[in-house]
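The lines below spell out each chain.
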Amino acid sequence: MIVAPSILAADLGRLAEEIRAVERGGASMIHVDVMDGRFVPNITFGPVIVRACCRATALPVDAHLMVEDAEPYLDAFADAGASSISVHVESTRHLQRAIAHLRERGVSPGVALNPATPLATLEEILPELDYVLVMSVNPGFSYQKLLPPTLDKLRRLKHTVLARGLSLKLQVDGGIDPGNVKDVVGAGADIVVVGAAAFAAGDPEQAVRGLIEAAS
Ligand code: DX5
Ligand code: ZN
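These figures come from a predicted structure and were not determined experimentally.

Enquirer: Help me understand the sheet that holds strand 4 (residues 84–88), please; the structure alone is not making it clear to me.
Expert: Strands in a sheet are paired, the pairing made by backbone hydrogen bonds, and the direction either parallel or antiparallel. In spatial order, the strands read 1-8-7-6-5-4-3-2; together these eight strands make up an open sheet with parallel pairing. Two strands bound the open sheet, and with one partner strand each, they are strand 1 (2–5) and strand 2 (30–35). Each adjacent strand pair in this sheet contributes to an overall mean axis angle of 25°, direction not counted. Two elements, strand 6 (residues 131–135) and strand 7 (residues 169–173), share five bridges in a ladder whose sense is parallel. From the neighbouring strand, valine 132 faces strand 7, where its bridge partner is leucine 170. Strands in contact with helix 2 (residues 47–56) are strand 2 and strand 3 (61–66); relative to strand 3, the strand with the most contacts, it is inclined by about 165°.

Enquirer: Can you help me understand the state of the cysteines in this one?
Expert: Here a disulfide denotes a covalent bond joining the sulfur atom of one cysteine to the sulfur atom of another. Within the structure shown, the criterion is met by zero disulfides. Here cysteine 54 stays unpaired: no disulfide links it, and the sulfur of cysteine 53, its closest cysteine neighbor, is 6.8 Å away. A residue is classified by how much of its surface remains accessible, and cysteine 54, at 26% relative accessible area, is partly exposed.

Enquirer: Sorry, what's going on with the nonpolar core here?
Expert: In summary, soluble globular proteins display a tendency toward joint burial of nonpolar side chains. Among the nonpolar cores identified, the biggest contains 63 residues, and Ile7, Leu65, Ile85, Leu122, Val132 and Leu157 are the most heavily contacted of them. Residues within four places of isoleucine 7 in sequence aside, it is in contact with Leu12, Leu15, Ile19, Ile30, His31, Val32, Phe45, Ile49, Cys53 and Phe199.

Enquirer: Whenever I open this one, the site of ligand 1 confuses me. Can you help?
Expert: In the region of ligand 1, 20 residues are neighbours, and Asp33, Gly140, Asp173, Gly175 and Gly195 sit closest. Between ligand 1 and glycine 195 there is a distance of 2.8 Å, counted from an oxygen atom to a backbone nitrogen or oxygen. For ligand 1, whose free accessible area comes to 380 Å², the fraction covered by protein is 99%. With respect to the detected pockets, ligand 1 is housed in the largest pocket. Mapped onto the shell around ligand 1, the elements with two or more residues apiece are strand 2, strand 3 and strand 8 (191–194). Among the elements that make up the shell around ligand 1, the one with the highest residue count is strand 2 (three residues). Counted by class, the shell around ligand 1 contains 10 nonpolar, eight polar and two charged residues.

Calculation criteria
- Residues numbered from 1 in each chain as written.
- Chains lettered and ligands numbered in written order.
- Predicted model: local features only at pLDDT ≥ 70, side-chain atom pairs only at ≥ 80, totals over all residues.
- Heavy atoms only, no water.
- Pairing = 2+ DSSP bridges.
- Helix = DSSP H or I, 4+ residues; strand = E, 2+ residues; numbered from the N terminus.
- Axes fitted to C-alpha atoms, helices over the stretch in contact; angles between N-to-C directions.
- Contact = heavy atoms within 4.5 Å.
- Disulfide = S-S within 2.5 Å.
- Buried < 20%, exposed > 50% of the residue type's maximum accessible area, 1.4 Å probe, protein only.
- Core = buried A, V, L, I, M, F, W, Y, C linked by side-chain atoms within 4.5 Å.
- Near = heavy atom within 4 Å.
- Polar contact = N/O pair within 3.5 Å; in protein donor to acceptor, adjacent residues only side chain to side chain.
- Areas by Shrake-Rupley, 256 points an atom, 1.4 Å probe, with all protein chains shown as cover.
- 1 Å grid on protein atoms, 1.4 Å probe; cavity = no way out; pocket = protein on both sides within 12 Å on 5 of 7 lines; lining within 4 Å.
- Sits in = over half its atoms within 2 Å of the grid points.
- Nonpolar A, V, L, I, M, F, W, Y, C, P; charged D, E, K, R; others polar.

Spelled out as structure tokens, the structure:
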């Protein structure tokens, strides 16, 4: 299991320290939630924050683009140093072109799905992806509760991935904590994104360590 703390819930005045703390705790990826105030009702980070994260750590930085029409911004996030970028199927009109462009740029491409978006929307693009981000809350905010039906969706996607002999990873994002992480991993998650569960208690190193223990 890869733990990817979301800096959305971090103390941003101490961003580099927060990143180094989760890294000591065992995190192996940093997740940056990019929101435009249109696709989701919140505004957060742009490429400069991805660049700041890359300066603070050697861990891969993953950008989750919750924006309307992400295509014009892919190069800016690639240039900022993102190792992987996910775009939402609901907001990307030319999904294949976006995914192919990311791969040409040497960035791992992923597609994110809102809770109510059917898995069937992935059918054609699945073989071109390095990962699928299954949202386990409606995107926009940290500190929400995981929606239990999304775990069944995750199980079905895992089954499809295995049945089609694909090697892509499944990332799950939203409401994951030590109380449910074992179920999330059991349902097929390879990468778990954690915001509040990593940063809320004020000791991110210990929080990530505790999450890893709770998953085993
Ligand atoms: C929600 C974001 C998540 C969120 C996770 O829109 O995509 O990455 O920050 O935070 P928690 O773990 O608090 O739900
Ligand atoms: Zn996210």
